[in-house]
Amino acid sequence: MARARAAGSRGWPGWCGRGALLVCVAWTAGWVLAAALLLRAHPGVLSERCTDEKSRRILAALCQDYRGGALGGDLCEDLCVAGQLRYRRCLYYERGKKVLQADWRGRPVVLKSKEEAFSSFPPFGLLEGQPEAGGQGFPEAELLLLAAGEVKSALGLELAEGGLGRLGLGRRGPRLRGQLASLWALLQQEEFVLLSLLRGRSPHAPPVLGSCGHFYAVEHLAAGSPRLRALFPLEGAARGGRAQARALSGVALSFLDMVRHFEHDFSHRLHLCDVKPENFAIRSDFTVVAIDVDMAFFEPKMREILEQNCTGDEDCNFFDCFSKCDLRVHRCGAQRTNSNLQVVCDKILRHWFSSPRGSPAVSAPLRRQLRAAVLECAAPRAQGAAPRVLAKLRRLLQAALRELQEDE
């Protein structure tokens, strides 16, 4: 008995004994796996508490750095001097990321940064050795080369001609040193780089409106939520009936337009690896906007992410982007096996159209066809079937809209 107590006091190895060591390891691994799965499904469990007090401190530190010349940006004067950019509330903090709502000259905007502090980003090496008030003599060709390297790292893309202007690297001014340091911090943020390159090229991505230091501003739109009955706050559709059916059909068509747009309208396919209502918003004309694209990747970067070591297909799942494990070499395939369309149908459209009853404002035969088409779209299938399924779903939704308009 004394021997058993002594063994137990030494911790798990004594409690398990040599014969049960594998059981202990398996038990511990099981708990670690369960914790990892919980964090993956609910990353907010370790998020910081989002408070107004801390958010105001973050912006106060930003303005202090601006006044000291450490950073710059076209929104800094309005935020730190003129009072034209005013903090309103904290939206969320998540794994370092800070997202704040503000009013800019009467317009609601969102301020975003991957990190809280400007000092969290690596310094801009080209400014080393430059005088404190300098920066005017930096080699622009070298800056472009470094920026192209950051774009390549973030998105897997070569910086095309004209990309310099899209990223704001062609600016000049009296605070050039701070501006260059700020742009370097912004280039470390994949979402900023992606949204800057999409500016003016996509109705389904919010344009970058400006920046101050490491924070950049985008338009504020009401995001979706799994707690809402219709997932999105649809104006004029809260009463249900034809108004809601018309709104849902319009939003569903916009989701399909977004899928087609991201598939075909750029030099590389754009993959959405985190599809959930909170990552999208709806404009008043029912246009879908991807407001959180931290997990969106063009094809070259997607292939790089997927091509990892594996022991089974489950190791090749990167959030909503799946691949298959080649057991001969224990490597995940670089080609994604599911698609944006399938995930959007599964996580968004199925919520609206998979019920056998559906909206009574739409005729029963059309409701049945829509339900079958959405379930077909959400099911795993060969990639070659996607264009046919998308065309079929689009045709049925357009028919539903015509039917609703004719009944008015």
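In this text, all values refer to a predicted model and were calculated from it rather than measured experimentally.

1. Considerations on the overall build of the protein
Part 1 of the reasoning: When you go through the protein residue by residue, the secondary structure sums to 14 helices and 13 strands.
Part 2 of the reasoning: Looking at the protein residue by residue over its 408 residues, the buried ones come to 46%.
Part 3 of the reasoning: Pairs at least 24 apart in sequence give 62% of the contacts found in the protein among residues at least 6 apart.
Part 4 of the reasoning: Surface accessibility of the protein: about 21200 Å² in total, with carbon and sulfur atoms responsible for 54%.

2. Overview of the confidence of the model for the protein
Part 1 of the reasoning: Taken residue by residue, the protein gives an average pLDDT of 84. The fraction at 70 or more is 78%.
Part 2 of the reasoning: Scored below 50 in pLDDT, residues 22–27 makes 3 contacts in the model with residues more than four places away or belonging to other chains.
Part 3 of the reasoning: Counting interchain partners and residues more than four positions distant, the pLDDT-below-50 stretch residues 32–46 has 7 contacts.

3. Some remarks on the environment of lysine 324
Part 1 of the reasoning: Its place among the elements puts lysine 324 in the loop between strand S11 (321–322) and strand S12 (325–326).
Part 2 of the reasoning: Residue class for lysine 324 comes out exposed when judged on its relative accessible area of 52%.
Part 3 of the reasoning: Separated by 14 residues in the primary sequence, lysine 324 and cysteine 310 place their C-alpha atoms 9.0 Å from one another.
Part 4 of the reasoning: If near-sequence neighbours (up to four positions away) are discounted, lysine 324 is found in contact with Asp313, Cys316, Arg331, Cys332, Gly333 and Thr337.
Part 5 of the reasoning: Among the polar contacts made by the side chain of lysine 324, one reaches the side chain of aspartate 313 at a distance of 3.3 Å.

4. Re the packing of aromatic side chains
Part 1 of the reasoning: Counted according to the given criterion, the structure contains 10 aromatic pairs.
Part 2 of the reasoning: Taken together, Phe232, Phe255, Phe280, Trp352 and Phe353 form an aromatic cluster joined through their ring pairs.
Part 3 of the reasoning: Here the basic side chain of lysine 98 rests over the ring of tyrosine 93, its NZ or CZ set 4.8 Å away from the ring centre.

5. What about the pattern of salt bridges?
Part 1 of the reasoning: In total, this model carries 27 salt bridges according to the counting rule given.
Part 2 of the reasoning: Here aspartate 292 makes a salt bridge to lysine 97, at a shortest N to O gap of 3.6 Å. Separated by 195 residues along the polypeptide, aspartate 292 in the loop between strand S8 (288–290) and strand S9 (296–298) and lysine 97 in strand S2 (residues 97–104) bring together distant segments of the chain.
Part 3 of the reasoning: For aspartate 292, a relative accessible area of 18% translates into the label buried.
Part 4 of the reasoning: Between aspartate 320 and lysine 347 there is a salt bridge; the shortest N-O distance is 2.8 Å.

6. Some words on the environment of proline 108
Part 1 of the reasoning: Residue placement: proline 108 occurs in strand S3 (residues 107–113).
Part 2 of the reasoning: For proline 108, a relative accessible area of 35% translates into the label partly exposed.
Part 3 of the reasoning: For proline 108 and histidine 220, which are 112 residues apart along the polypeptide, the C-alpha to C-alpha distance reads 5.5 Å.
Part 4 of the reasoning: If we skip the residues at most four places from it in the chain, proline 108 touches Ala102, Asp103, Glu219 and His220.

7. Notes on the pairing of strand S5 (residues 215–219)
Part 1 of the reasoning: Of all 5 residues that make up S5, 5 are buried, and the element is covered over most of its length.
Part 2 of the reasoning: Examined bridge by bridge, S3 and S5 share 4 bridges and lie antiparallel to one another. By the bridge assignment, valine 109 is partnered in S5 with glutamate 219.
Part 3 of the reasoning: Here strand S4 (residues 208–212) pairs with S5 via 4 bridges, running antiparallel. Following the sheet pairing, serine 211 is matched in S5 by tyrosine 216.
Part 4 of the reasoning: The antiparallel hairpin formed by S4 and S5 contains 2 residues in its connecting segment, where glycine 213 sits at a positive phi of about 60 degrees.

8. Re helix H4 (residues 52–67)
Along an α-helix, residues three or four apart share an orientation, since each turn contains 3.6 residues.
Part 1 of the reasoning: Taking 1.5 Å per residue, 16 residues should reach 22 Å; H4 reaches 22 Å between its end C-alpha atoms and fits that length.
Part 2 of the reasoning: If you check which residues of H4 are buried, you get Lys54, Ser55, Ile58, Leu59, Leu62, Cys63 and Tyr66.
Part 3 of the reasoning: On its buried side, H4 packs onto helix H5 (76–82), strand S1 (85–94), S2, S3, S4 and S5.
Part 4 of the reasoning: Trailing H4 by a residue or two, glycine 69 shows a phi angle of about 85 degrees, which is positive.

9. A short note on the nonpolar core
Part 1 of the reasoning: Counting 76 residues, the largest nonpolar core has Phe255, Leu349, Trp352 and Leu393 as its most contacted members.
Part 2 of the reasoning: When residues in this core are grouped by element, the largest group, 11 residues, is from helix H10 (residues 241–264).
Part 3 of the reasoning: When residues no more than four places from it in sequence are discounted, the contact partners of tryptophan 352 are Ala230, Leu231, Phe232, Leu248, Val251, Ala252 and Phe255.
Part 4 of the reasoning: Ranked by size, the runner-up nonpolar core spans 26 residues in total, among them Leu62, Leu75, Ala181 and Phe215.

10. Section: the state of the cysteines
Part 1 of the reasoning: Across all of its chains, the model carries 7 disulfides by this definition.
Part 2 of the reasoning: The disulfide partner of cysteine 273 is cysteine 321, and the S-S distance across this bridge is 2.0 Å. On the S-S bond that ties cysteine 273 to cysteine 321, the torsion sits near -100 degrees, and the link is left-handed. Here cysteine 273, found in the loop between strand S6 (270–272) and strand S7 (280–282), pairs with cysteine 321, found in strand S11; they are 48 residues apart in sequence, far enough to count as distant.

11. Details of helix H12 (residues 340–353)
Part 1 of the reasoning: At aspartate 346, H12 is bent by approximately 40 degrees, the largest bend along its length.
Part 2 of the reasoning: Along H12, 10 of the 14 residues are buried, which leaves the element largely enclosed by surrounding structure.
Part 3 of the reasoning: Against the buried residues of H12 lie H10, S6, helix H13 (364–378) and helix H14 (386–406).

Rules used throughout
Residues numbered from 1 in each chain as written. Predicted model: local features only at pLDDT ≥ 70, side-chain atom pairs only at ≥ 80, totals over all residues. Heavy atoms only, no water. Helix = DSSP H or I, 4+ residues; strand = E, 2+ residues; numbered from the N terminus. Buried < 20%, exposed > 50% of the residue type's maximum accessible area, 1.4 Å probe, protein only. Contact = heavy atoms within 4.5 Å. Areas by Shrake-Rupley, 256 points an atom, 1.4 Å probe, with all protein chains shown as cover. pLDDT = per-residue confidence, 0-100. Polar contact = N/O pair within 3.5 Å; in protein donor to acceptor, adjacent residues only side chain to side chain. Phe/Tyr/Trp six-rings, centres within 6.5 Å; stacked < 30°, edge-to-face > 60°. Lys NZ or Arg CZ within 6 Å of the ring centre and 35° of its normal. Salt bridge = Lys/Arg side-chain N within 4 Å of Asp/Glu carboxyl O. Pairing = 2+ DSSP bridges. Expected span 1.5 Å × (residues − 1). Core = buried A, V, L, I, M, F, W, Y, C linked by side-chain atoms within 4.5 Å. Disulfide = S-S within 2.5 Å. Bend = angle between axes of the 7 residues up to and from the residue.

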